[in-house]
Amino acid sequence: MQERHKNRKLYFHELAQTSQKYFIPYIKQFKQLGQDSRILEIGCGDGGNLLPFAQMGYYTLGVDISERRIADAQKFFTDCNAKGDFLASDVFLLEELYGTFDIIICHDVIEHIGEKKRFLSLLPQFLAKNGIVFMSFPAWQMPFGGHQQICRSKVISHLPFVHLLPKALFRLLLKACAEDDACIKEILSIKETKTSIEIFENILKSIGKFTIADRTLWLINPHYETKFGMHPLKLPKCLALIPYVRNFFTTSCFYVLGMD
(Lines give C-alpha, C1' and ligand atoms only; values in the text may rest on other atoms or scores of the structure.)
Protein backbone atom coordinates (compact mmCIF):
# COMPACT_ATOMS: atom_id res chain seq x y z
CA MET A 1 0.00 0.00 0.00
CA GLN A 2 1.34 3.40 -0.99
CA GLU A 3 1.78 6.12 1.65
CA ARG A 4 -0.91 8.26 -0.01
CA HIS A 5 -3.53 5.60 0.69
CA LYS A 6 -2.74 5.84 4.41
CA ASN A 7 -2.10 9.59 4.60
CA ARG A 8 -5.37 11.04 3.31
CA LYS A 9 -4.24 14.66 3.66
CA LEU A 10 -1.28 13.95 1.39
CA TYR A 11 -3.60 12.36 -1.15
CA PHE A 12 -5.98 15.32 -0.87
CA HIS A 13 -3.25 17.80 -1.78
CA GLU A 14 -1.92 15.56 -4.58
CA LEU A 15 -5.36 15.48 -6.17
CA ALA A 16 -5.72 19.23 -5.77
CA GLN A 17 -2.43 19.77 -7.63
CA THR A 18 -3.48 17.52 -10.51
CA SER A 19 -6.89 19.17 -10.68
CA GLN A 20 -5.34 22.64 -10.79
CA LYS A 21 -2.71 21.79 -13.40
CA TYR A 22 -4.56 19.36 -15.66
CA PHE A 23 -8.27 18.90 -14.97
CA ILE A 24 -9.25 22.57 -14.97
CA PRO A 25 -7.34 23.52 -18.16
CA TYR A 26 -8.80 20.46 -19.90
CA ILE A 27 -12.34 21.30 -18.82
CA LYS A 28 -11.94 24.96 -19.82
CA GLN A 29 -11.38 23.90 -23.42
CA PHE A 30 -15.03 22.90 -23.53
CA LYS A 31 -16.75 25.00 -20.88
CA GLN A 32 -15.95 28.53 -19.83
CA LEU A 33 -16.30 29.15 -16.12
CA GLY A 34 -18.07 32.30 -14.95
CA GLN A 35 -18.53 33.98 -11.59
CA ASP A 36 -21.68 31.96 -10.88
CA SER A 37 -20.43 28.59 -12.13
CA ARG A 38 -21.47 25.59 -10.07
CA ILE A 39 -19.40 22.43 -9.80
CA LEU A 40 -20.63 19.02 -8.62
CA GLU A 41 -18.32 16.07 -8.01
CA ILE A 42 -19.88 12.65 -7.57
CA GLY A 43 -17.61 10.27 -5.70
CA CYS A 44 -15.55 13.18 -4.40
CA GLY A 45 -13.68 11.21 -1.73
CA ASP A 46 -11.63 13.66 0.35
CA GLY A 47 -12.50 16.56 -1.97
CA GLY A 48 -9.05 17.26 -3.42
CA ASN A 49 -10.31 17.66 -6.98
CA LEU A 50 -12.72 20.39 -5.87
CA LEU A 51 -10.27 22.49 -3.86
CA PRO A 52 -8.87 24.58 -6.77
CA PHE A 53 -12.41 25.24 -8.05
CA ALA A 54 -13.43 26.46 -4.59
CA GLN A 55 -10.31 28.61 -4.31
CA MET A 56 -11.26 30.25 -7.61
CA GLY A 57 -14.58 31.27 -6.06
CA TYR A 58 -16.94 28.76 -7.68
CA TYR A 59 -19.68 27.00 -5.76
CA THR A 60 -18.66 23.37 -5.19
CA LEU A 61 -20.64 20.40 -3.93
CA GLY A 62 -19.00 17.04 -3.29
CA VAL A 63 -21.04 13.86 -2.86
CA ASP A 64 -19.63 10.56 -1.65
CA ILE A 65 -21.16 7.44 -0.16
CA SER A 66 -18.46 7.29 2.55
CA GLU A 67 -19.21 9.37 5.64
CA ARG A 68 -15.56 9.08 6.64
CA ARG A 69 -14.34 10.55 3.35
CA ILE A 70 -16.87 13.39 3.60
CA ALA A 71 -15.72 14.18 7.15
CA ASP A 72 -12.14 14.32 5.87
CA ALA A 73 -13.16 16.61 3.01
CA GLN A 74 -14.87 19.04 5.36
CA LYS A 75 -11.82 19.10 7.64
CA PHE A 76 -9.32 19.55 4.81
CA PHE A 77 -11.35 22.39 3.27
CA THR A 78 -11.51 24.10 6.66
CA ASP A 79 -7.75 23.70 7.05
CA CYS A 80 -7.30 25.40 3.67
CA ASN A 81 -9.81 28.19 4.49
CA ALA A 82 -11.87 27.08 1.50
CA LYS A 83 -15.66 27.03 1.17
CA GLY A 84 -17.44 23.97 -0.16
CA ASP A 85 -20.47 21.84 0.58
CA PHE A 86 -20.19 18.09 1.09
CA LEU A 87 -22.85 15.43 1.36
CA ALA A 88 -22.58 11.79 2.41
CA SER A 89 -25.10 10.02 0.20
CA ASP A 90 -25.59 7.16 -2.21
CA VAL A 91 -25.88 8.87 -5.59
CA PHE A 92 -28.90 6.72 -6.43
CA LEU A 93 -30.70 8.27 -3.45
CA LEU A 94 -29.68 11.82 -4.28
CA GLU A 95 -32.57 14.17 -4.96
CA GLU A 96 -32.64 17.47 -6.81
CA LEU A 97 -32.04 19.51 -3.67
CA TYR A 98 -29.09 21.56 -4.83
CA GLY A 99 -30.19 22.74 -8.26
CA THR A 100 -28.26 22.05 -11.45
CA PHE A 101 -24.56 22.33 -12.19
CA ASP A 102 -22.43 23.66 -15.03
CA ILE A 103 -19.82 20.95 -14.57
CA ILE A 104 -20.21 17.47 -13.14
CA ILE A 105 -16.97 15.68 -12.28
CA CYS A 106 -16.78 11.90 -12.01
CA HIS A 107 -13.10 11.12 -11.50
CA ASP A 108 -12.10 7.46 -11.05
CA VAL A 109 -15.61 6.57 -9.94
CA ILE A 110 -17.47 4.67 -12.65
CA GLU A 111 -15.14 1.66 -12.44
CA HIS A 112 -16.52 1.13 -8.91
CA ILE A 113 -20.19 1.23 -9.96
CA GLY A 114 -22.06 -1.87 -11.01
CA GLU A 115 -25.18 -0.17 -12.37
CA LYS A 116 -23.31 2.01 -14.86
CA LYS A 117 -26.24 2.60 -17.20
CA ARG A 118 -28.49 3.65 -14.32
CA PHE A 119 -25.74 5.91 -12.96
CA LEU A 120 -25.07 7.66 -16.27
CA SER A 121 -28.81 8.05 -16.89
CA LEU A 122 -29.09 10.01 -13.62
CA LEU A 123 -26.59 12.70 -14.57
CA PRO A 124 -28.75 14.81 -16.94
CA GLN A 125 -31.11 15.78 -14.10
CA PHE A 126 -28.21 17.51 -12.33
CA LEU A 127 -26.77 19.16 -15.44
CA ALA A 128 -27.54 22.80 -16.29
CA LYS A 129 -28.28 23.88 -19.85
CA ASN A 130 -25.05 23.65 -21.87
CA GLY A 131 -23.37 21.97 -18.93
CA ILE A 132 -20.77 19.23 -19.35
CA VAL A 133 -19.65 16.07 -17.58
CA PHE A 134 -15.95 15.42 -17.06
CA MET A 135 -15.55 11.67 -16.74
CA SER A 136 -12.26 9.86 -16.13
CA PHE A 137 -11.36 6.29 -15.32
CA PRO A 138 -8.51 3.79 -15.78
CA ALA A 139 -9.10 1.28 -18.55
CA TRP A 140 -9.65 -2.09 -16.89
CA GLN A 141 -6.90 -3.97 -18.70
CA MET A 142 -4.16 -1.43 -18.00
CA PRO A 143 -1.34 -2.61 -15.67
CA PHE A 144 -3.01 -1.46 -12.43
CA GLY A 145 -6.62 -1.30 -13.58
CA GLY A 146 -7.63 -3.57 -10.69
CA HIS A 147 -6.50 -1.00 -8.09
CA GLN A 148 -4.15 -3.61 -6.63
CA GLN A 149 -1.93 -0.75 -5.48
CA ILE A 150 -4.18 -0.41 -2.43
CA CYS A 151 -3.09 -3.85 -1.17
CA ARG A 152 -0.72 -4.05 1.78
CA SER A 153 1.35 -6.79 0.20
CA LYS A 154 4.41 -5.42 -1.58
CA VAL A 155 4.12 -8.31 -4.04
CA ILE A 156 0.51 -7.68 -5.09
CA SER A 157 0.64 -3.89 -4.90
CA HIS A 158 3.58 -3.77 -7.33
CA LEU A 159 2.48 -6.57 -9.68
CA PRO A 160 1.03 -5.29 -12.98
CA PHE A 161 -1.82 -7.12 -14.74
CA VAL A 162 -2.36 -9.50 -11.80
CA HIS A 163 -6.01 -8.40 -11.67
CA LEU A 164 -6.58 -10.08 -15.05
CA LEU A 165 -6.18 -13.52 -13.49
CA PRO A 166 -9.36 -15.64 -13.18
CA LYS A 167 -11.32 -14.59 -10.10
CA ALA A 168 -10.75 -17.80 -8.13
CA LEU A 169 -7.00 -17.73 -8.75
CA PHE A 170 -6.80 -14.02 -7.97
CA ARG A 171 -8.63 -14.58 -4.68
CA LEU A 172 -6.21 -17.37 -3.71
CA LEU A 173 -3.25 -15.13 -4.49
CA LEU A 174 -4.67 -12.29 -2.38
CA LYS A 175 -5.22 -14.67 0.53
CA ALA A 176 -1.74 -16.16 0.12
CA CYS A 177 -0.31 -12.65 0.43
CA ALA A 178 -2.25 -12.14 3.69
CA GLU A 179 -4.61 -9.44 2.44
CA ASP A 180 -7.49 -8.91 4.87
CA ASP A 181 -11.09 -9.74 4.00
CA ALA A 182 -12.09 -6.09 3.52
CA CYS A 183 -9.33 -5.50 0.98
CA ILE A 184 -10.09 -8.73 -0.87
CA LYS A 185 -13.75 -7.81 -1.05
CA GLU A 186 -12.96 -4.36 -2.45
CA ILE A 187 -10.45 -5.65 -4.98
CA LEU A 188 -12.77 -8.38 -6.23
CA SER A 189 -15.71 -5.96 -6.42
CA ILE A 190 -13.67 -3.79 -8.79
CA LYS A 191 -13.05 -6.88 -10.91
CA GLU A 192 -16.83 -7.28 -11.14
CA THR A 193 -17.50 -3.61 -11.99
CA LYS A 194 -14.56 -3.14 -14.37
CA THR A 195 -14.76 -0.46 -17.05
CA SER A 196 -13.08 -0.56 -20.43
CA ILE A 197 -13.31 2.05 -23.16
CA GLU A 198 -15.67 -0.18 -25.15
CA ILE A 199 -17.93 -0.93 -22.16
CA PHE A 200 -18.21 2.77 -21.34
CA GLU A 201 -18.92 3.97 -24.87
CA ASN A 202 -21.41 1.19 -25.57
CA ILE A 203 -23.38 2.18 -22.47
CA LEU A 204 -23.38 5.83 -23.60
CA LYS A 205 -24.75 4.77 -26.98
CA SER A 206 -27.48 2.68 -25.37
CA ILE A 207 -28.59 5.65 -23.25
CA GLY A 208 -28.69 8.02 -26.21
CA LYS A 209 -28.62 11.23 -24.15
CA PHE A 210 -24.96 12.21 -24.43
CA THR A 211 -22.54 13.36 -27.07
CA ILE A 212 -18.84 12.73 -26.64
CA ALA A 213 -17.29 16.17 -27.06
CA ASP A 214 -13.81 14.78 -26.47
CA ARG A 215 -11.97 11.59 -25.63
CA THR A 216 -8.32 11.76 -24.57
CA LEU A 217 -6.48 8.55 -23.72
CA TRP A 218 -3.33 8.74 -21.62
CA LEU A 219 -0.37 6.41 -21.76
CA ILE A 220 0.95 8.16 -18.63
CA ASN A 221 -1.83 9.47 -16.42
CA PRO A 222 -1.47 13.21 -15.60
CA HIS A 223 -1.84 12.32 -11.92
CA TYR A 224 1.37 10.28 -12.17
CA GLU A 225 3.31 13.55 -12.34
CA THR A 226 2.37 14.40 -8.76
CA LYS A 227 2.51 10.80 -7.55
CA PHE A 228 5.65 9.53 -9.27
CA GLY A 229 7.31 12.49 -11.01
CA MET A 230 6.41 11.09 -14.46
CA HIS A 231 5.58 13.51 -17.26
CA PRO A 232 2.07 12.94 -18.68
CA LEU A 233 1.95 11.40 -22.14
CA LYS A 234 -1.03 10.81 -24.40
CA LEU A 235 -1.54 7.44 -26.01
CA PRO A 236 -0.22 7.46 -29.60
CA LYS A 237 -3.05 7.65 -32.15
CA CYS A 238 -1.94 4.42 -33.77
CA LEU A 239 -2.81 2.63 -30.51
CA ALA A 240 -5.76 4.81 -29.49
CA LEU A 241 -7.70 3.71 -32.57
CA ILE A 242 -7.35 -0.04 -31.95
CA PRO A 243 -10.33 -1.32 -29.90
CA TYR A 244 -9.55 -3.58 -26.93
CA VAL A 245 -5.78 -3.44 -27.49
CA ARG A 246 -5.73 0.23 -26.39
CA ASN A 247 -7.11 -0.71 -22.98
CA PHE A 248 -3.84 -2.42 -22.03
CA PHE A 249 -1.94 0.84 -22.51
CA THR A 250 -4.44 3.45 -21.28
CA THR A 251 -3.76 4.42 -17.68
CA SER A 252 -6.51 7.08 -17.75
CA CYS A 253 -9.41 7.92 -20.05
CA PHE A 254 -10.62 11.53 -20.12
CA TYR A 255 -14.09 12.24 -21.54
CA VAL A 256 -16.11 15.40 -21.90
CA LEU A 257 -19.80 14.64 -22.32
CA GLY A 258 -22.48 17.06 -23.45
CA MET A 259 -26.21 16.61 -23.76
CA ASP A 260 -27.50 15.31 -27.07
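Before reading on, note that the structure itself is shown above.
The rules we used
Residues numbered from 1 in each chain as written. Predicted model: local features only at pLDDT ≥ 70, side-chain atom pairs only at ≥ 80, totals over all residues. Heavy atoms only, no water. Axes fitted to C-alpha atoms, helices over the stretch in contact; angles between N-to-C directions. Helix = DSSP H or I, 4+ residues; strand = E, 2+ residues; numbered from the N terminus. Parallel < 35°, antiparallel > 145°, perpendicular 65-115°, else oblique. Left-handed = near helix turned anticlockwise from the far one by under 90°. Contact = heavy atoms within 4.5 Å. Nonpolar A, V, L, I, M, F, W, Y, C, P; charged D, E, K, R; others polar. Polar contact = N/O pair within 3.5 Å; in protein donor to acceptor, adjacent residues only side chain to side chain. Buried < 20%, exposed > 50% of the residue type's maximum accessible area, 1.4 Å probe, protein only.

A.B. asks: I keep staring at the packing of helix α2 (residues 8-28) against helix α4 (residues 67-79) and nothing clicks. Help me out?
C.D. replies: Relative placement of two packed helices is described by the angle separating their axes and the distance separating the axes. In the contact formed by α2 and α4, the axes pass within 11 Å of each other and the chain directions differ by 70°. It follows from the interaxial angle that α2 and α4 lie roughly perpendicular. For the pair α2 and α4, the crossing hand works out as right-handed. Facing α2, whose interface residues are R8, K9 and F12, α4 presents R69, D72, F76, F77 and D79. Here the contact of α2 with α4 is composed, by residue class, of three nonpolar, no polar and five charged.

A.B. asks: When you look at the side chain of T18 in this model, what are you seeing that I'm missing?
C.D. replies: Take T18: it is sitting in helix α2. Among the polar contacts made by the side chain of T18, one reaches the side chain of H223 at a distance of 2.6 Å. Ignoring sequence-local partners within four residues, the contact set of T18 consists of F23, P222, H223 and T226.

A.B. asks: Explanation requested: helix α9 (residues 197-207) in the structure shown.
C.D. replies: Helical geometry note: an α-helix holds 3.6 residues per turn, so side chains three or four residues apart project in the same direction. For α9, every residue scored as buried is listed here: I197, E198, F200, E201, I203, L204 and I207. Each element contacted by the buried residues of α9 is listed here: α5 (116-122), β5 (127-137), β6 (210-220) and β8 (252-259). G208 lies just past α9 and shows a positive phi near 75°.

In short, shape yes, function no, at least from these values alone.
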